[in-house]
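# Inside the fold
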Amino acid sequence: MKTAFITGASSGIGRATAVALGRAGFKLVLTGRRLERLQELARELADVPTHLLTFDVRDRAAVEAAVASLPAEFADVDVLINNAGNAHGLAPIQQGDPADWDAMLDGNVKGLLYVSRAVLPAMTRRNAGLQARRTC
Ligand SMILES: NC(=O)c1ccc[n+]([C@@H]2O[C@H](COP(=O)([O-])OP(=O)(O)OC[C@H]3O[C@@H](n4cnc5c(N)ncnc54)[C@H](OP(=O)(O)O)[C@@H]3O)[C@@H](O)[C@H]2O)c1
């Protein structure tokens, strides 16, 4: 059974991807900050082996600790879905709030890099794996 690691599995696209991959026969590592949402998804996917991790993708130490904590049966990740993120601030640049830009770059860009950096070594060691990322 192959393993998929999905960030932002607690809602939206990440949740839908988890359901689709679970139905396709993957074991799932489901991640997000809202544990209750992940637990609800795991209950919905009752026949699918799941492991839940809660961390903020902007917190590099938390990302590394979470990935390092994976039990052996979930540690060989075959598919990484780097989905976690948000759209912060859609105003024209001249009216934009720099706090929104920081939030976007910290979560959608640096968070993706932190998760990839933590997960990819086990893939490259095994010469296996696929990484998918958001288009923005
Ligand atoms: N919907 C669109 O049309 C669209 C278009 C282009 C790109 N995207 C991108 O696709 C991704 C998913 O979009 P969506 O519409 O499905 O969004 P969503 O429903 O708001 O879901 C976002 C997911 O990301 C997680 N997340 C957000 N910030 C996080 C953080 N700092 N640390 C850990 N997890 C975090 C959330 O989980 P928690 O809140 O539980 O942490 C949630 O599961 C986003 O990255 C978004 O920018 C969406």
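Residues numbered from 1 in each chain as written. Predicted model: local features only at pLDDT ≥ 70, side-chain atom pairs only at ≥ 80, totals over all residues. Heavy atoms only, no water.

### Some details on the pattern of salt bridges
One pass over the structure, following the stated rule, counts eight salt bridges. Shared partners join several salt bridges into a network, and the residues in it are Arg 15, Glu 40 and Glu 44. (Salt bridge = Lys/Arg side-chain N within 4 Å of Asp/Glu carboxyl O.)

### Quick word on the packing of aromatic side chains
For the coordinates displayed, the defined rule picks out zero aromatic pairs. In this structure, Lys 27 is placed above the aromatic ring of Phe 74, and the distance from its NZ or CZ to the ring centre is 5.7 Å. (Phe/Tyr/Trp six-rings, centres within 6.5 Å; stacked < 30°, edge-to-face > 60°. Lys NZ or Arg CZ within 6 Å of the ring centre and 35° of its normal.)

### Side note on the nonpolar core
The biggest cluster of nonpolar side chains holds 17 residues, and the ones touching the most others in it are Phe 5, Leu 53, Phe 55, Leu 70, Val 115 and Val 119. Mapped onto this core, the elements with two or more residues apiece are helix H3 (60-68) and helix H5 (98-126). Ranked by residues supplied to this core, first place goes to H5 with four residues. With near-sequence residues (within four places) excluded, Phe 55 lies in contact with Phe 5, Thr 31, Gly 32, Arg 33, Ala 62, Val 63, Ala 66 and Val 115. One finds Val 19, Phe 26, Leu 30 and Ile 81 within the second-largest nonpolar core, a separate group that totals 15 residues. (Core = buried A, V, L, I, M, F, W, Y, C linked by side-chain atoms within 4.5 Å. Buried < 20%, exposed > 50% of the residue type's maximum accessible area, 1.4 Å probe, protein only. Helix = DSSP H or I, 4+ residues; strand = E, 2+ residues; numbered from the N terminus. Contact = heavy atoms within 4.5 Å.)

From the geometry alone we can't say anything about function, so treat these as descriptive.
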